[in-house]
Amino acid sequence: SDNVLFFIHRESLKYSAARFLPVEFKAIKHEIVPLTETSEVLELLFIFLYQKPLPDVKGLSFEILTHLAEAAEKYQVFSAMMICNMRMTVVFKDHPLDVLRYAVIHHYKELIDIAAPLVIECQPLPETIDRLPPNTIAAWIKYYQQWLDALVKVYHPYSCYPLCSNSHSPRRAKAMEDLMGRRFVLHNVGNILAYYAASGHSAIQEWQYNSLRTMNTITPFSEFLYPNSSS
């Protein structure tokens, strides 16, 4: 897209990239094929076509990594697809919604299920809906509602123990304050409550136990997306 010319062997495209050239493609000498990706992304992508050391994607900015990953998927450069997917599993904590969108579009179930809980915690619902593909919104709403229902169960035991019931009530109050100060903390609620349960307070220990049980009932987002999948 930025008028940089690359000379790539047709055989390399044929054997390393499933979608660069159709089977019936006839090469025309000196023909230039325009591509929409930037030269920086294409230069990285084309390295994957040859028998040479692969690029170190760890040093790429997330923006370039995303564009490289999308180009790899677009042209089906399988080695680049694998490397980019592996890198996404490392950086998803810093870019949960972007990684979830990538994983959903390209059907990477494991990546979907590690990114989705973090999106629930970090991203407002309207922003998430705006970024996800339209055909996934219904599944996301069901997944989101599941978290809301689980949080009701997590918070409910606290209401059963009035603050003035005994000398441990300030500790319960502080535990609730920590939980309420975060949007969705269910995936980390065990660690939060463990700190307060360490005092030996049986009510908080029971609260922690029941909360962990609730957490274990959360259905992964991929199962809402692919309800009939056997894997």
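Residues numbered from 1 in each chain as written. Predicted model: local features only at pLDDT ≥ 70, side-chain atom pairs only at ≥ 80, totals over all residues. Heavy atoms only, no water.

An unreviewed UniProt entry annotates the protein chain as BTB domain-containing protein of Amanita muscaria.

Novice: For this particular structure, what's the right way to read the overall build of the protein chain?
Specialist: A tally of helices and strands in the protein chain yields 12 helices and 0 strands. In sequence order, the secondary structure elements of the protein chain are arranged as α-α-α-α-α-α-α-α-α-α-α-α. By the burial criterion, 41% of the 231 residues in the protein chain qualify as buried. A total of about 13600 Å² of accessible surface is found on the protein chain, and carbon and sulfur atoms cover 57% of it. (Helix = DSSP H or I, 4+ residues; strand = E, 2+ residues; numbered from the N terminus. Buried < 20%, exposed > 50% of the residue type's maximum accessible area, 1.4 Å probe, protein only. Areas by Shrake-Rupley, 256 points an atom, 1.4 Å probe, with all protein chains shown as cover.)

Novice: Where do I start with the side chain of His106 in this structure?
Specialist: Note on placement: His106 falls in helix α5 (residues 96-106). In terms of polar contacts, His106 uses its side chain to reach the side chain of Glu70, at 2.9 Å. Every residue in contact with His106, bar those within four places of it in the chain, is listed here: Glu70 and Glu73. (Polar contact = N/O pair within 3.5 Å; in protein donor to acceptor, adjacent residues only side chain to side chain. Contact = heavy atoms within 4.5 Å.)

Novice: Before we go on, may I ask you to explain the packing of helix α3 (residues 62-75) against α5 in this structure?
Specialist: Between two packed helices, both the angle of their axes relative to each other and the distance between the axes serve to describe the pair. Between α3 and α5, the least distance of the axes is 12 Å, while the angle of their chain directions is 5°. By the angle class used here, α3 and α5 are roughly parallel. Only Asp98, Val99, Tyr102 and His106 of α5 make contact with α3, whose side of the interface consists of Phe62, Ala69, Glu70 and Glu73. Looking at the contact of α3 with α5 residue by residue, the class counts come to 4 nonpolar, 1 polar and 3 charged. (Axes fitted to C-alpha atoms, helices over the stretch in contact; angles between N-to-C directions. Parallel < 35°, antiparallel > 145°, perpendicular 65-115°, else oblique. Nonpolar A, V, L, I, M, F, W, Y, C, P; charged D, E, K, R; others polar.)

Novice: What am I meant to see in the environment of Thr214 here?
Specialist: Following the sequence through the fold, Thr214 ends up in helix α11 (residues 202-215). On the basis of relative accessibility, which here comes to 11%, the residue Thr214 falls in the buried class. Sequence-wise, Thr214 and Lys153 are 61 residues apart; in three dimensions their C-alpha atoms are separated by 7.4 Å.

Novice: Looking at this structure, how should I read the environment of Ser222?
Specialist: Relative to the assigned elements, Ser222 resides in helix α12 (residues 221-225). Overall, the relative accessible area of 3% leaves Ser222 in the buried class. For the pair Ser222 and Tyr143, spaced 79 residues apart in the sequence, the C-alpha separation amounts to 9.4 Å. Look past the residues within four positions of Ser222 in its chain and what remains in contact with it is Lys109, Ile112 and Asp113.

Novice: Explanation requested: unusual backbone geometry in the structure shown.
Specialist: Outside of glycine, negative phi angles account for most residues, and trans bonds account for most peptide bonds. Non-glycine residue Gln76 carries a positive phi angle of around 55°. Along the chain, Gln76 turns up in the loop between α3 and α4 (78-91). Of note, the phi angle at His107 is positive, near 65°, even though the residue is not glycine. Its place among the elements puts His107 in the loop between α5 and α6 (109-122). Judged by its relative accessible area of 53%, His107 is exposed.

Novice: Where do I start with the packing of aromatic side chains in this structure?
Specialist: How two aromatic rings sit relative to each other is given by the distance of their centres and the angle of their planes. Inspection of every chain in the model, using the stated rule, returns 6 aromatic pairs. Here Trp140 and Tyr143 contribute two aromatic rings whose centre-to-centre distance is 5.2 Å and whose plane-to-plane angle is 50°, an arrangement assigned as tilted. In this pair, Trp140 and Tyr143 both sit in helix α8 (residues 137-159), 3 residues apart, roughly one turn of the helix. Here Trp140 matches Tyr143 in class, with each residue buried. Taken together through their ring pairs, the aromatic side chains of Trp140, Tyr143, Trp147, Phe221 and Phe224 make up a single cluster. (Phe/Tyr/Trp six-rings, centres within 6.5 Å; stacked < 30°, edge-to-face > 60°.)

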